[in-house]
Amino acid sequence: MNDGTCFRARRDRDLTVCARVLRDVHHADRYPVNWPDDPEGWLRGADTMGAWVGCRDERVVGHVLLARPASGDVAPTLVPSDTSVAVVGRLFVAPSARGHRLGAALLERAAREACLRGALAVLDVVTTDRAAIALYERLGWRFLGEGQQRWGPGTSVTVRCYSAPSEG
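Residues numbered from 1 in each chain as written. Predicted model: local features only at pLDDT ≥ 70, side-chain atom pairs only at ≥ 80, totals over all residues. Heavy atoms only, no water.

With respect to the pairing of strand β4 (residues 85-93)
Where we set the bar: Residue exposure (1.4 Å probe, protein chains only): buried if accessible area is under 20% of the type maximum, exposed if over 50%, otherwise partly exposed. We count a stretch as a helix when DSSP gives it H or I for four or more residues in a row; a strand needs E for two or more, and each element gets its number in order from the N terminus. When DSSP finds two or more bridges between two strands, those strands count as paired. Orienting the strands away from the viewer, one traces the path from the first strand over the helix to the second; a clockwise path indicates a right-handed crossover.
Among the nine residues that make up β4, eight are buried, leaving the element largely enclosed by the rest of the structure. Direction of pairing for strand β3 (residues 59-67) relative to β4: antiparallel, over a ladder of five bridges. Bridge pairing in β4 places Gly62 opposite Val93. In this view, the connection linking β4 to its parallel neighbour strand β5 (residues 120-126) by way of helix α3 (residues 102-116) has right-handed handedness.

Pasting the structure below:
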């Protein structure tokens, strides 16, 4: 892109900046719904297969990661059991950097990586996050269903689950 936008693999040294951007997103959008005690650790994720950042004018303004399914993930249970899946997560773009298709490009990067690994990219989103739902549906992600996602002891939320659009 010639508009000052770039995408690259996330580096460990990006985590501090990503955590600051995430705080801005949390204040604007309540994502993540529950602010993590260790934002950088949360961004690292568990069993991560890859992570990428989006930049505008050389500043990190967006993030996404791809991970192996974890126990309790809902989306992987909504595809045929013989389907290899990878879970997209930690997707966000700074409020000040929106409107440049950064979120769409980061999402596409994660889905492409899943495909290269022979897996189907899946994700879930809380049902109250209408902006994210609209993005996924506008980009052709397929609705798989809804389910209850456990978010800690005694806490669960209803999530909508999606899979990446078909190639071709």
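Quick word on the nonpolar core
Nonpolar side chains in soluble globular proteins tend to end up buried together. Short version of the rule: Each nonpolar core is a collection of buried residues, namely Ala, Val, Leu, Ile, Met, Phe, Trp, Tyr and Cys, held together in the definition by side-chain atoms within 4.5 Å.
In terms of nonpolar packing, the biggest core is built from 39 residues, with Leu66, Val88, Tyr136 and Trp141 touching the most fellow members. Secondary-structure elements contributing two or more residues to this core are α1 (15-29), β2 (48-56), β3, β4, α3, β5 and α4 (130-138). Val74, Val87, Val122 and Cys161 belong to the second-largest nonpolar core, a separate cluster that totals ten residues.

Here we look at the pattern of salt bridges
Keep this limit in mind: Salt bridges are identified by distance alone: a Lys or Arg side-chain nitrogen within 4 Å of an Asp or Glu carboxyl oxygen.
One pass over the structure, following the stated rule, counts eight salt bridges. Between Glu113 and Arg109 there is a salt bridge, and its shortest N-O distance comes to 3.4 Å. With Glu113 and Arg109 both in helix α3, this residue pair falls four residues apart, about one helical turn. Here Glu146 and Arg160 are joined by a salt bridge, their closest N and O atoms 3.5 Å apart. In this pair, Glu146 sits in strand β6 (residues 142-150) while Arg160 sits in strand β7 (residues 156-163), placing the two residues 14 residues apart along the sequence. Among the ionic contacts, a cluster of salt bridges with common partners joins Arg109, Glu113 and Arg117.

Digging into the environment of Ala121
The condition that has to hold: Throughout, a residue-residue contact means that at least one pair of heavy atoms, one from each residue, lies within 4.5 Å.
For Ala121, the location among the structural elements is in strand β5. Distance in space between the C-alpha atoms of Ala121 and Val79 is 11 Å, their sequence separation being 42 residues. In this structure, Ala121 is in contact with Ala86, Val88, Ala111, Ala114, Trp141, Tyr162, Ser163 and Ala164, ignoring residues within four places of it in sequence.

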